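# Notes for the structure review
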Amino acid sequence: MAETEKSYHESTDVEKDAVSVGESSYAQKDWHYSYKWTRKLLQWGLETRGITPVSVRERVDTQYSKIFFIWLSFNFNILSFSAGTLGPAVFGLGLRDSCLVILFFNLLCSALPSYFGTWGPKLGLRQMCQARYSFGYYGIIIPSIFNLCSMMGFCILNCILGGQTLSSISDGRLTWSVGIVVISLISLFVSFCGYRVLNWYERLAWIPVLVVYLVALGVGGKHLSNPPPAEPATAAAILSFAGTVAGFVITYCSLGSDFTIYFKPSVSSWRIFLYSYLGFNIPIILIQCLGAAVAVSVSSVPAWEEGYANGNVGGLVEAMLRPTGNFGKFLTVLMALSVTANIAPTFYSFSLSFQVFIPPLSVIPRYMFSLLATAILIPVSIVGAHTFYDTLTNFLGLIGYWASAFGAIVLTEHLLIRRGDFASYDLRCWNNPRRLPTGLAALGACALSCALIVPSIDQVWFVGPIAARTGDIGFELAFFAAGVLYIPLRYVELRFRPLA
């Protein structure tokens, strides 16, 4: 038995195709396996697996540090920098207050997606597929729609930033639109290839970005040493910026286990949690604080102020690197391309969420949905390119509400209803609407929690009566209300449909 297991582990390359095991494969039963061109892609090592669960025999990957590098490169880019600039630029906070909000709320909110990432090795389920055990087979369709919109929103923001930055080095000869197309196509290639190429790319993508930030600090750090005095911060401004920071990181809870399902089930959950937690917080906290520091100092550096005109973050980065001449232009290109390390894995998870959104499409190879995502991304990014700051502020604030409620319900189901026992999940029912929960409890909790969320949001288009006094506390109340309301509703649901 030991020799057989050893032989199997040696013959299985989890990163090669992530589809086959033993003599048969789920792909062999799908229509796409019967086409010559798709068989060729399989031979090249392209991953076709979508939301199909990974069996215990296939969970053999022991390179657990991969998840650290995925989240590190995911967030080691110009979007994290631009999110940090929002504190001073939009909410009028000083450097100290901005950095304290960035530190505290990232440490708090990144814990949830880091914890969800530990479930992948235990269950072998993608995150939105695992959420079927709370929201049900059909009920999860609604969160999947929100998740698709959130992921596409992040891709749009990244594409706009990348396009801005590429355009800034060409004195207008290269338009933002061309830059957006270049960024999108590079991201499509990495995502198209799947798990193997994605892990390789994310392991390396953060290195050139680190060089860029170090050079930028070397040539511009002297301007950051004496930030101008700031006006006293108001509670409303702090909480509104906190909601924006939370929206940046808490939405990862819908992707948490997507990249850990091939790890061995015996791996310590603490190990995966710490890899993920550090992968989130090292880049996000450091780069967002740098963004806040630069935004505070922009008004005292004429070249930076000129580059930053109309909220052009790419122009600001180019202005910071301009003293290094042509080398600075090369570094600016690297910074522009840094967003591909965020867009590519987002495309990957977009493909999975789309299969949960429309379950019959799960027979279509995962990479086909990356093409769909690209077709949506390019035109929408081009249209929204010139309203970046308004788009970023509104988007990050808004997505935090649904993601917070979603995370609270999935967490409550696992810790309270299932007592934290992974054996309580009947994995044979992952695709069975009659055995999974109806989803009425989860959707009902989300709907009822809106009674607290709506009065507590502070957006350009609406300011609730609670938010008018306190600032935006919508994401905090979304988490609390959805989690508490889910408990009695779920126990009522269990009277009609037992745990699966």
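Below is a short write-up of the structure. (Residues numbered from 1 in each chain as written. Predicted model: local features only at pLDDT ≥ 70, side-chain atom pairs only at ≥ 80, totals over all residues. Heavy atoms only, no water.)

## With respect to the overall build of the chain
Tallying secondary structure elements over the chain gives 23 helices and 4 strands in all. Buried positions account for 60% of the 500 residues belonging to the chain. Pairs at least 24 residues apart make up 85% of the contacts formed inside the chain by residues separated by at least 6 positions. (Helix = DSSP H or I, 4+ residues; strand = E, 2+ residues; numbered from the N terminus. Buried < 20%, exposed > 50% of the residue type's maximum accessible area, 1.4 Å probe, protein only. Contact = heavy atoms within 4.5 Å.)

## Re the nonpolar core
Core analysis: the largest hydrophobic core is formed by 133 residues, its most contacted members being Trp71, Phe81, Val294 and Phe406. For this core, the element with the most residues is helix 10 (residues 141-168), which contributes 11 residues. Phe406 has contacts with Met128, Ala131, Phe135, Ile140, Pro143, Cys253 and Ser254, leaving out every residue within four places of it along the chain. (Core = buried A, V, L, I, M, F, W, Y, C linked by side-chain atoms within 4.5 Å.)

## A few points about the layout of surface pockets
In this structure, the largest pocket occupies an estimated 430 Å³ of space. In terms of lining, the largest pocket is formed by 21 residues, of which the most central are Phe146, Leu398, Ile399, Tyr401 and Trp402. Counting only elements with at least two residues in the lining of the largest pocket, the list comes to helix 10, helix 20 (388-417) and helix 21 (440-453). At 8 residues, the largest contribution of residues to the lining of the largest pocket is made by helix 20. Here the residues of the lining of the largest pocket sort into 17 nonpolar, 4 polar and no charged. (1 Å grid on protein atoms, 1.4 Å probe; cavity = no way out; pocket = protein on both sides within 12 Å on 5 of 7 lines; lining within 4 Å. Points joined across faces, edges and corners; volume = space filled by probe spheres on them. Nonpolar A, V, L, I, M, F, W, Y, C, P; charged D, E, K, R; others polar.)

## Details of the state of the cysteines
If you walk through the whole model with that rule in mind, you get 0 disulfides. With no disulfide of its own, Cys253 has Cys109 as its nearest cysteine by sulfur position, at a separation of 9.9 Å. Judged by relative accessible area, which is 0%, Cys253 ranks as buried. The cysteine Cys289 is free of any disulfide, with Cys99 supplying the nearest cysteine sulfur at 3.6 Å. The exposure class assigned to Cys289 is buried, which follows from its relative accessible area of 19%. (Disulfide = S-S within 2.5 Å.)

## Points about the packing of helix 10 against helix 18 (residues 340-357)
Interaxial distance between helix 10 and helix 18 falls to 9 Å at its minimum, and their mutual angle equals 160 degrees. As far as their axial angle goes, helix 18 and helix 10 are roughly antiparallel. Helix 18 is crossed by helix 10, and the crossing has left-handed handedness. Counting all contacts with helix 10, which are made through Ile141, Ser144, Ile145, Asn147, Leu148, Met151, Met152, Cys155, Asn158 and Cys159, the residues of helix 18 involved are Asn342, Ile343, Thr346, Phe347, Ser349, Phe350, Ser353, Phe354, Val356 and Phe357. Residues of the contact of helix 10 with helix 18, tallied by class, amount to 13 nonpolar, 7 polar and no charged. (Axes fitted to C-alpha atoms, helices over the stretch in contact; angles between N-to-C directions. Parallel < 35°, antiparallel > 145°, perpendicular 65-115°, else oblique. Left-handed = near helix turned anticlockwise from the far one by under 90°.)

## Some words on the environment of Gly464
Topologically, Gly464 is positioned in the loop between strand 4 (462-463) and helix 22 (465-470). When near neighbours in sequence (up to four residues on either side) are disregarded, Gly464 contacts Val454, Pro455 and Ile457.

## Details of empty space enclosed by the protein
This model, assessed by the stated rule, comprises 3 cavities of 30 Å³ or more. When contributions to the lining of the largest cavity are tallied by element, the ones reaching two or more residues are helix 10 and helix 18. For the lining of the largest cavity, the leading source of residues is helix 10, giving 4 residues. Residues that form the lining of the largest cavity fall into these classes: 6 nonpolar, 6 polar and no charged. One number sums up the size of the second largest cavity: a volume of about 50 Å³. Together, Phe81, Val212, Tyr213, Ala216, Leu290, Val317, Met320, Leu321 and Met335 line the second largest cavity. For the lining of the second largest cavity, the secondary structure elements donating two or more residues are helix 12 (195-220) and helix 16 (313-321). Looking at the lining of the second largest cavity residue by residue, the class counts come to 9 nonpolar, no polar and no charged.

## What to know about the environment of Val454
Tracing the backbone shows Val454 in the loop between helix 21 and strand 3 (458-459). Residue class for Val454 comes out partly exposed when judged on its relative accessible area of 39%. Taking the C-alpha atoms as reference, Val454 lies 8.9 Å from Ile466; in sequence the two are 12 residues apart. Residues in contact with Val454, not counting those within four places in the same chain, are Phe462 and Gly464.

## Focus on unusual backbone geometry
In the Ramachandran plot, Arg419 falls in the positive-phi region, its phi being about 55 degrees despite a non-glycine side chain. Among the structural elements, Arg419 can be located in the loop between helix 20 and helix 21.

## Considerations on the environment of Gly136
Looking at where Gly136 falls in the secondary structure, it is placed in the loop between helix 9 (132-135) and helix 10. Judged by its relative accessible area of 0%, Gly136 falls in the buried class. The spacing of Gly136 and Thr438 is 302 residues in sequence and 5.1 Å in space, taken between C-alpha atoms.

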